[in-house]
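Letter by letter, the chains look like this.
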Amino acid sequence: MAMSMSDEELRDLVQGPGDIEWTYEMRRQCQQILPGLLLGPLQASKSLETLKSLGVTHIVCIRDAKEAFSVRPRFPEVFTYMTLDVQDSDEQNLIRLFPPARKFIDDAITQGGCVLVHCNGGISLSPSFVVMYVMQQYNLSWEEALHLVQNRRYCISPNGGFMAQIKEYESIYKAHNAVASFPPTVQSAAVRRKRSDSDDDEEEDREEERKRPLMDPDVEMESR
């Protein structure tokens, strides 16, 4: 469910903390994007002590299949993991993979947990999922969501194909929200109307079938 806030609150959220001085070393660490949601590289998932100190309870491990040997759940007995095999290529469909990842993050945060989303470098793959998540969570445009994440983890850079899908996802989630905002009675009426139209079409097809002769008369005459 998208969160409601004033324009000023939204600007502050997107802008993020302005007193952070980004250093190269910080790309090897994870950063808090939202309360209960961290984003980072593989390096951030390797230290049990660090993960515990950050309050992490759940981890989304996103990797290219060929990285499976190194990018993997390291402490399955301590944390709850979701592992996604995703190609870091322009052709990879992220939108299809996103809903279960979103549910995993939502469920964890609802339970009072803290989720680390990471890939190998924390530059393209995992940031794309996080941008889509904050976009839908706060009803943002794709630009606002991208800036929100970049203002907390400066080094992110989704590839061109991922950026195209991030832009596409804005219209998808907004259309979904628009339908969900209708009262249940309106939604039910729309479903009934659709079914009724379908039934009418089927009845017309059956009537047309009944009227159609079993054999073309001309063909029948010729056969004689």
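As the structure is a prediction and not an experimental result, all values here were calculated from the model.

> I'd like a rundown of the overall build of the chain, residues and numbers included.
When helices and strands are tallied, the chain shows eight helices and five strands. Going residue by residue from the N terminus, the α and β elements of the chain occur as α-β-β-α-β-β-α-β-α-α-α-α-α. Within the chain, buried positions represent 40% of all 224 residues. Restricting the contact set of the chain to residue pairs at least 6 apart, pairs at least 24 apart contribute 69%.

> Would you mind going over the sheet that holds strand 5 (residues 115-118) in detail, with residue names and values included?
One open sheet holds the five strands; their spatial order is 1-2-5-3-4, and the pairing between them is mixed. Each edge of the open sheet is held by one strand with a lone partner, namely strand 1 (31-34) and strand 4 (80-85). The sheet shows a mean angle of 25° between the axes of neighbouring strands, taken without regard to direction.

> I'd like a rundown of the packing of aromatic side chains, residues and numbers included.
Enumeration according to the criterion identifies five aromatic pairs in this entry. Centroid distance Phe 75 to Phe 79: 6.3 Å. Interplanar angle 80°. Geometry classified as edge-to-face. Clustering of aromatic rings is evident, with ring pairs tying together Phe 98, Phe 129, Tyr 169 and Tyr 173.

> Account for the nonpolar core, naming residues and giving values.
Core analysis: the largest hydrophobic core is formed by 43 residues, its most contacted members being Leu 34, Leu 37, Ile 62, Phe 129, Val 134 and Val 149. What Ile 62 contacts, discounting residues up to four positions off in sequence, is Val 71, Leu 84, Val 86, Val 117, His 118, Cys 119, Asn 120, Leu 125, Ser 126 and Phe 129. Ala 44, Val 56, Phe 79 and Cys 114 belong to the second-largest nonpolar core, a separate cluster that totals 11 residues.

> Any details on the packing of helix 1 (residues 7-15) against helix 5 (residues 142-150)? Residues and values, ideally.
At their nearest, the axes of helix 1 and helix 5 sit 7 Å apart, and the two run at 50° to each other. The angle between helix 1 and helix 5 falls in the class oblique. For the pair formed by helix 1 and helix 5, the contact residues are Leu 10, Leu 13 and Val 14 on the first element and Glu 144, His 147 and Leu 148 on the second. In terms of residue class, the contact of helix 1 with helix 5 is built from four nonpolar, one polar and one charged.

> Could you give an account of the pairing of strand 2 (residues 37-40), naming the residues involved and the relevant values?
Residues of strand 2 alternate between two faces, with Leu 37 and Leu 39 on one and Leu 38 and Gly 40 on the opposite face, all of them buried. Where strand 1 meets strand 2, three bridges bridge the pair, whose relative direction is antiparallel. Note on strand 2: the bridge partner recorded for Gln 32 is Leu 38. Hairpin connection of strand 1 to strand 2: two residues between the antiparallel strands, including Gly 36 at a positive phi of 85°. Sheet analysis places strand 2 next to strand 5, joined by four bridges and oriented parallel. Paired with Gly 40 across the strands is His 118, a residue of strand 5.

> With reference to specific residues and values, describe the environment of Val 149.
Structurally, the position occupied by Val 149 is in helix 5. Distance from Val 149 to Pro 127, taken between C-alpha atoms, is 7.6 Å for residues 22 residues apart in sequence. Apart from the residues within four sequence positions on either side, Val 149 is in contact with Ile 33, Leu 39, Val 130, Val 131, Val 134 and Ile 156.

Scoring rules and cut-offs
- Residues numbered from 1 in each chain as written.
- Predicted model: local features only at pLDDT ≥ 70, side-chain atom pairs only at ≥ 80, totals over all residues.
- Heavy atoms only, no water.
- Helix = DSSP H or I, 4+ residues; strand = E, 2+ residues; numbered from the N terminus.
- Buried < 20%, exposed > 50% of the residue type's maximum accessible area, 1.4 Å probe, protein only.
- Contact = heavy atoms within 4.5 Å.
- Pairing = 2+ DSSP bridges.
- Axes fitted to C-alpha atoms, helices over the stretch in contact; angles between N-to-C directions.
- Phe/Tyr/Trp six-rings, centres within 6.5 Å; stacked < 30°, edge-to-face > 60°.
- Core = buried A, V, L, I, M, F, W, Y, C linked by side-chain atoms within 4.5 Å.
- Parallel < 35°, antiparallel > 145°, perpendicular 65-115°, else oblique.
- Nonpolar A, V, L, I, M, F, W, Y, C, P; charged D, E, K, R; others polar.

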